[in-house]
Amino acid sequence: MPNENTLIVGSFVRQRGNPALAGVIQDIREIRGRLTAQVQFPNGARRVPLEQLELVPSVIEDPSDLVRKGQFSGPASLRQRMAHVRLSGNLKEIFYSMESTDTDFYAHQFKPVVKMLDSPTGNLLIADEVGLGKTIEAGLIWTELAARFKYNRLLIVCPKVLCEKWRIELTTKFGIDARITDASSLRDLLSSSFSQRSGFAAICGMQGIRPRPKGKRTERPADKLAEVLEDAQTKDKLVDLLIIDEAHHMRNFGTQTNRLGELLCGITQHTAMLSATPLNLHNRDLHTLLRLLDELTFRDEQALNRIIKANQPLISARDAVLSGKPMEEVSETLDIAALDPILRNTRALKKLRKEIAGGSGLNHAERAQIARRLERVNLLSNVVNRTRRRDVEEFRVDRNVSAFRADMTDNEREVYDQITSAILNYAWENDLPVGFLTVMPQRMVASCLPAALEHWGSSNDAPVYEDEDYPDEADAQAGPLTRLLTRITATLPSSAELEKQDTKFQKFMGVIQKHISENPEQKIIVFSTFIPTLRYLKRRLEAAGIGTRMLHGGTEDRVNLIEDFETSENTPILLASEVGSEGIDLQFAQVLVNYDLPWNPMRVEQRIGRIDRLGQKSESVSILNLLHRNTVDERIYHRLHERLGLCKMALGGFEEILGQEIDALTSDLLSGQLSIEEQERRLEQAEQAIANKRQEEKVLEKEAAALIAHGDYILDSIREAQGGGGWISEGDIVDYLQFALGTVDPNSDILWRKSEGLVEILLTGSGKHDYEDWCSRHNLNPGPLARNTSPTTFRVGTEQTGQRHPRLGPSHPLVRFLSNALSEEGGLSPNAVALILDQEQSEGLEPGIYVGSIQAWQFGSGASSTMLGYGLVDTHHEELLSPAMAERVLSNCLKYATKWHGAMAEVSPEDIADQVLDLVEPDLASRFFDEGERRKAEVEDRVTIQLQTLEEHGQSQRLRFEDIIRRSGPRLEAANRARLRQFEETLNKRRRKIEAQQIEETSFSSVCAVLLKVIS
């Protein structure tokens, strides 16, 4: 026991009765015969009698020793230590991205986060259906990885039209200040040592950065970028996370865009590809994308087929486990799986088979755990994520589809027929294939007769259509036909005359005015492919006193226009083209009008997808389709939309199938060689063909989903994490900041404006210096906190303030700095707490006394390398609670427990400490070693398979090089042998990287001992 001479000014001390409360002595003074010390604690300075203080031990005490001494702290100490462990490590059971962004919670959007963390390569293809929030999923992956690995280099590559959407999403939902770059500025970012240290968030259009073949390169920025990317393939990674949106553009092997994918994937730690492509595991396109993500495993289509074959019994076993089948049946299925050459020597499968062979009568939780382990053996489960709209509980929007048909007047019929005949005759006389030249004028006259005639009757050369099915350059080829239509227009009734009798517009106005009068608060989106139609509608609607906004491909500030439309009380209608609305979310609207209908139903689906998407608050949306009777449009609509019901349900990834059939159908219908009866028969054939192919696609999708999908239990675990505190809350962060700042920078100031979701922080001079210096050494931007002389305001939690302040989350440099400082100072050594918990929050435990321990288990240094072990024993019956129950009870203590002040009078510290040592800690140690063995087995299996694949690839390439050397002759032998040596060096580097995945080091440490009294 220290005497009064032991403690001096500057001593690091703690209170005997509350060893978790530690601080530095500032002065020692005698008051009325008793020595007292002014101690700077984390929560402020206080004067304490000297005999109540003791030196903080230089050797860390085990929590059981503190229990034996009866030195207990309260729940605040437990929360501080748990927050420190959570914010310092890569905890398996914590979602660092949950509740730390401005996004609504949807469980399915965290499935890709789980899969990315479990991915053997750190890469993932997100193939969710349209409208489920793939952009949000990618942002959550970045938030998770940045928090776990301290990443700061993010690159998004997407179609140019989506760049601005990505910038806004990252800014408003994730607090990321991303900038849109071109090939030149991206090259600078990747080449700059400063940018590589300080980090970046860049967005780039994929069209502008595609590499050209080496022989065709000049000094263009894209050519220089390609050289940087090629040079970096075997060097340190230049990007932490690469997100490729609309990744199906890279599916064609050997193209410039596919080559771009190869180069980009070679310079990044992690890749997330986003695509709504249908999952057909026998499709070459899917293999091409998987090859970009994992070249070794999916080096050829045969390798993918072998993996699919190996996975099938694993999936059968998983389904049998989850459906409650006898474990004997599961065991027999796994015996079949073990015969496959790929899985024959896997330790994880051997261990699982041994456990299952001796198990029976498993409960739901135990079966779910086995299913999860089977998923981890599955070689595809953590490579692809696929969520269907029908699988998302929150996505149950009904589509009310109506068709409104207008009968043409005699003049309208005359114009329609003459224009149609002129188009067909022109194509026939000039021996032109049916395509853009004939389809677009035909669709334009069906869209709006007055607008079409007005356009052809003018000399306006501005683009008139926006349709991705036809190339931009095709517009320039339409000149002769357009001039012909101009001449014909002069002989027809004028556009002004047709406007007066516009039966389609009259039908439209009747529908719109009725809807606006009955639903004045609802917004309406009106789509047309043709800009003249949009302008015509805008002029006529506004003349009728109906406010509009117009959105097309030439609209510059689309985001502000949409915000203005959404908030304006006097603007019920948005006039939009497909291209103008691409990437724009319009789920605040409930009504969509197709003023004209693209013949490809996928284009109609893309329109509907703008409002029928995640976040649509209404239980139903209305789809109103306008047509003229007795036209090609009406016949196509009747067969493909009404009879097949294509508008009433999401088509998923049906695009390619529909596109091929529609192209053939269009060619036949506009050939001019079919009578009306023959057209009907051709439409009937198309209808049947599409129905057949759709059924085939469903079968293939079902097969693919079975082979790659996580079961519902994964979603259950995500929901449980969200509801049970499996994330870092704003309260956790603020409590931790208050304690940590009080320890590291005692004179700092922190104010939590809880109701506003804001926290104000002011560092002192020394605190600023230490923080800025640490950030500089770790290549992090300290932000305004290191400069401001007044408090800096941050946002915490999910409260919407309407103010723009930087977000303070688990990955913020300040949190990292404080976590590091506390770890170095030993300010959060293990301790013991005595708590009281009401039975209502005890998960059904009987009133009584319990004692337990929490440990941190470390397994290597991967994405989920740390996990917490919980142990709890009933002291009266000396029985251990299940690990899951212990975790739930001790987690509830963080939220609901109070300090047990009279603990020493009710328990024997010696007996309690013995139960910790004899019961709790041996159980925790046993579980720690089992978990370590399981993880090692999984990693070793993955390494074995990857090394086997690498060696097969290496041997085939060596044989190819030897053959080239034999055939090339002496003159080129030296150069080819140099290429072979370079290949061997690359192979060795990949081999070392694979072997580095092995878990070499495991350890565990105590966090806290818990003495708990449950009261009724």
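Each chain carries its own residue numbering, running from 1 in the written order of its sequence. Given that this is a predicted model, residues contribute local features only at a pLDDT of at least 70 and side-chain atom pairs are listed and counted only at 80 or more, while totals for whole chains, interfaces and linings are drawn from all residues. Side-chain figures throughout are based on the complete set of non-hydrogen atoms in the structure, without hydrogens or water.

Student: Explain the overall build of the protein chain to me, and be specific about the residues and the numbers.
Tutor: Labels follow the DSSP assignment, with helices taken as runs of H or I lasting at least four residues and strands as runs of E lasting at least two, numbered in each case from the N terminus. Tallying secondary structure elements over the protein chain gives 35 helices and 27 strands in all. Exposed residues in this analysis have more than 50% of their type's maximum accessible area, buried residues have under 20%, and partly exposed residues fall in between, with area computed by a 1.4 Å probe over protein chains only. Counting across all 1016 residues of the protein chain, residues that qualify as buried make up 56%. Here a residue-residue contact requires only that any non-hydrogen atoms of the pair lie within 4.5 Å. Taking contacts inside the protein chain between residues at least 6 apart in sequence as the whole, the part at least 24 apart equals 75%. In the form shown here, the protein chain has an accessible surface area of approximately 44,100 Å², with 47% of it arising from carbon and sulfur atoms. Here, Shrake-Rupley sampling with a 1.4 Å probe gives the accessible areas, and only protein chains in the shown set may cover a residue.

Student: How would you sum up the packing of aromatic side chains? Please name residues and give values.
Tutor: The geometry of an aromatic ring pair is captured by the separation of the ring centres together with the interplanar angle, meaning the angle of the planes. Put simply, two rings from Phe, Tyr or Trp (the six-membered ring, in Trp's case) pair if the centres are within 6.5 Å, and we call them stacked under 30 degrees between planes, edge-to-face over 60, tilted for the rest. Per the counting criterion, the structure on display carries 14 aromatic pairs. Centroid distance phenylalanine 508 to tyrosine 595: 5.3 Å. Interplanar angle 90°. Geometry classified as edge-to-face. Note that phenylalanine 508 is positioned in helix 20 (residues 503–518) and tyrosine 595 in the loop between strand 17 (591–594) and helix 24 (601–608), a separation of 87 residues in sequence. The two residues phenylalanine 508 and tyrosine 595 agree in class, both being buried. Here the aromatic rings of phenylalanine 928 and phenylalanine 1004 are separated by 5.0 Å at their centres, their planes lie at 65°, and the arrangement is edge-to-face. With phenylalanine 928 in helix 34 (residues 909–968) and phenylalanine 1004 in strand 27 (residues 1002–1015), this residue pair connects regions lying 76 residues apart in the sequence. An aromatic cluster is defined as three or more aromatic residues linked by ring pairs; in this entry it consists of Trp857, Phe859, Phe928, Phe929 and Phe1004. One cation-aromatic arrangement involves lysine 523 over phenylalanine 565; the distance from NZ or CZ to the ring centre is 4.8 Å. Lying across the ring of phenylalanine 961, arginine 960 places its NZ or CZ 5.1 Å from the centre. Whether a charge sits over a ring comes down to the Lys NZ or Arg CZ being within 6 Å of the ring centre and within 35 degrees of the ring normal.

Student: For the environment of serine 458, give the residues involved together with the corresponding values.
Tutor: Inspection of the secondary structure puts serine 458 in the loop between helix 17 (449–456) and helix 18 (479–489). The spacing of serine 458 and threonine 486 is 28 residues in sequence and 7.9 Å in space, taken between C-alpha atoms.

Student: Account for the packing of helix 4 (residues 134–149) against helix 5 (residues 163–174), with residues named and values stated.
Tutor: Axes, fitted as lines to C-alpha atoms, cover a helix only where it is in contact. Angles between the N-to-C directions of the axes lie from 0 to 180 degrees. Running from N to C, helix 4 and helix 5 cross one another at 55°; their axes reach a closest spacing of 11 Å. As summarised for this structure, helix 4 and helix 5 are arranged oblique, according to the angle between their axes. Considering how the two elements wind past one another, helix 4 and helix 5 form a crossing that is right-handed. Contacts between helix 4 and helix 5 involve Thr135, Ile136, Ala138, Gly139, Leu140 and Thr143 on the former and, on the latter, Lys165, Trp166, Glu169, Lys173 and Phe174. When an angle is under 35 degrees it counts as roughly parallel; over 145 it counts as roughly antiparallel; between 65 and 115 it counts as roughly perpendicular; any other value is oblique. Rotating anticlockwise by less than a right angle from the far helix to the near helix defines a left-handed crossing, while the corresponding clockwise rotation defines a right-handed one.

Student: Go over helix 8 (residues 221–231), please, and point to the residues and values.
Tutor: Within helix 8 the residues assigned to the buried category are Ala222, Asp223, Leu225, Ala226, Val228 and Leu229. Check the buried side of helix 8 and you find it contacts helix 6 (183–191) and helix 9 (256–265).

Student: Break down the side chain of glutamine 40 for me, with residues and values.
Tutor: With respect to the element layout, glutamine 40 can be found in strand 3 (residues 34–41). When its relative accessible area of 14% is taken as the criterion, glutamine 40 is described as buried. Not counting chain neighbours up to four residues away, the residues in contact with glutamine 40 comprise Ala22, Gly23, Val24, Gln26, Ala45 and Pro746.

Student: Describe the nonpolar core, listing the residues and the values that go with them.
Tutor: Formed by 64 residues in total, the largest nonpolar core has its most connected members in Leu125, Leu190 and Met273. For this core, the element with the most residues is helix 11 (residues 301–322), which contributes eight residues. Discounting chain neighbours no more than four positions away, the residues touching leucine 125 are Met273, Leu286, Leu289, Leu290, Leu293, Val383, Val384 and Asn385. We define the nonpolar core as a collection of buried residues of types Ala, Val, Leu, Ile, Met, Phe, Trp, Tyr and Cys that are connected through side-chain atoms lying within 4.5 Å of one another. Core analysis: the next-biggest nonpolar cluster, separate from the first, contains 60 residues, Ala83, Tyr96, Ala740 and Leu1012 among them.

Student: Provide a residue-level description of unusual backbone geometry, including the pertinent values.
Tutor: The phi angle at lysine 150 is positive, at roughly 60°, despite the residue not being glycine. As for its placement among the helices and strands, lysine 150 is situated in the loop between helix 4 and strand 7 (153–158). In the Ramachandran plot, glutamate 843 falls in the positive-phi region, its phi being about 60° despite a non-glycine side chain. Of note, glutamate 843 is situated in the loop between strand 22 (831–838) and strand 23 (848–859).

Student: Any details on the sheet that holds strand 23? Residues and values, ideally.
Tutor: Following DSSP output, two strands are said to pair if at least two bridges run between them. Strand order in this open sheet of six strands is 25-24-23-27-22-26, and the pairing throughout is mixed. Two strands bound the open sheet, and with one partner strand each, they are strand 25 (879–880) and strand 26 (898–899). Helix 2 (residues 75–88) rests against strand 22, strand 23, strand 24 (866–874), strand 26 and strand 27 of the sheet, and its axis sits at about 115° to strand 22.

Student: Explain the sheet that holds strand 16 (residues 573–576) residue by residue, including any values.
Tutor: Strand order in the open sheet formed by six strands is 13-18-17-14-16-15, with parallel pairing between adjacent strands. If you trace the sheet from one side to the other, it starts and ends with strand 13 (398–406) and strand 15 (548–551), each paired once. Averaged over all neighbouring strand pairs, the angle between strand axes comes to 20°, with direction disregarded. Of the pairings in the sheet, the one linking strand 14 (residues 524–527) to strand 16 comprises four bridges and is parallel in character. Directly across from valine 526, in strand 16, lies its bridge partner leucine 575. Across the face of the sheet, helix 22 (residues 558–567) comes into contact with strand 14, strand 15 and strand 16 while running at roughly 155° to strand 15.

Student: Got a sec to walk through the confidence of the model for the protein chain? Specific residues and values, please.
Tutor: A residue's pLDDT is the confidence the predictor assigns to it, expressed on a 0 to 100 scale. Model confidence for the protein chain is summarised by a mean pLDDT of 83, while 87% of its residues fall at 70 or above. Scored below 50 in pLDDT, residues 468–477 makes 17 contacts in the model with residues more than four places away or belonging to other chains.

Student: With reference to specific residues and values, describe the pairing of strand 24.
Tutor: The element strand 24 is extensively covered by neighbouring structure, given that nine of its nine residues are classed as buried. Residues of strand 24 alternate between two faces, with Thr866, Leu868, Tyr870, Leu872 and Asp874 on one and Met867, Gly869, Gly871 and Val873 on the opposite face, all of them buried. Of the pairings in the sheet, the one linking strand 24 to strand 25 comprises two bridges and is antiparallel in character. Following the sheet pairing, aspartate 874 is matched in strand 25 by glutamate 879. Between strand 24 and strand 25, which follow one another and run antiparallel, lie four residues, and glutamate 878 among them has a positive phi close to 50°.

Student: Report on the state of the cysteines, specifying residues and quantitative values.
Tutor: Any two cysteine sulfur atoms within 2.5 Å of one another count as a disulfide. Taken as a whole and assessed by the stated rule, the structure comprises zero disulfides. With no disulfide partner, cysteine 158 has as its closest neighbouring cysteine sulfur the one in cysteine 163, 3.8 Å distant.

Student: Hey, could you go over the environment of glycine 765 for me, with residue numbers and the actual values?
Tutor: Structurally, glycine 765 can be placed in helix 30 (residues 765–777). Between the C-alpha atom of glycine 765 and that of alanine 786, which follows or precedes it by 21 residues, the distance is 9.1 Å.

Student: Tell me about the pairing of strand 20 (residues 758–762), residues and numbers included.
Tutor: With four of five residues buried, strand 20 lies mostly within the body of the structure. Relative to strand 20, strand 19 (residues 749–753) runs antiparallel, the two sharing five bridges. Bridge pairing in strand 20 places isoleucine 750 opposite isoleucine 761. Adjacent in sequence and paired antiparallel, strand 19 and strand 20 are bridged by four residues, among which glycine 757 carries a positive phi angle near 70°.

Student: Can you break down the side chain of threonine 489 residue by residue, with the values?
Tutor: Here threonine 489 is to be found in helix 18. Under the rule applied, a polar contact is a pair of N or O atoms within 3.5 Å (in protein, one hydrogen donor and one hydrogen acceptor; residues adjacent in sequence only if both atoms are side-chain atoms). Reaching out from threonine 489, the side chain makes a polar contact with the backbone oxygen of leucine 485 at a distance of 2.6 Å. Beyond its immediate chain neighbours, meaning those up to four positions away, threonine 489 contacts Leu453, Trp456 and Gly457.

Student: Please give an account of a negative patch on the surface that cites residues and values.
Tutor: Patches draw on residues past 30% relative accessible area with no salt bridge. Two like charges within 9 Å are joined, as are two nonpolar side chains (Val, Leu, Ile, Met, Phe, Trp, Tyr) within 5 Å. We define a salt bridge as a contact between a side-chain nitrogen of Lys or Arg and a carboxyl oxygen of Asp or Glu at a distance within 4 Å. Neither His nor the chain ends is counted toward charge; the positive residues are Lys and Arg and the negative residues Asp and Glu. Charged groups are reduced to one reference atom each: NZ for lysine, CZ for arginine, CG for aspartic acid, CD for glutamic acid. A cluster of acidic side chains, namely Glu556, Asp557, Glu563 and Glu566, defines a negative patch on the protein surface. Within the secondary structure, aspartate 557 sits in the loop between strand 15 and helix 22.

Student: Lay out the pattern of salt bridges in plain terms, naming residues and giving numbers.
Tutor: Under the definition given, this model contains 51 salt bridges. Between arginine 777 and aspartate 773 there is a salt bridge; the shortest N-O distance is 3.0 Å. Linking arginine 777 with aspartate 773, this pair stays in helix 30, spanning four residues, or about one helical turn. We classify aspartate 773 as partly exposed; its relative accessible area is 35%. Through salt bridges with shared partners, one network takes in Arg217, Glu230, Arg259, Glu262 and Arg291.

Student: Describe the packing of helix 3 (residues 111–118) against helix 4, naming the residues involved and giving the relevant values.
Tutor: Between helix 3 and helix 4, the least distance of the axes is 9 Å, while the angle of their chain directions is 45°. Classified by the angle their axes make, helix 3 and helix 4 are oblique. As for how helix 3 packs across helix 4, the hand of that crossing is right-handed. Residue-level inspection shows Pro112, Val113, Met116 and Leu117 of helix 3 in contact with helix 4, the latter providing Glu137, Leu140, Ile141, Glu144, Leu145 and Arg148.

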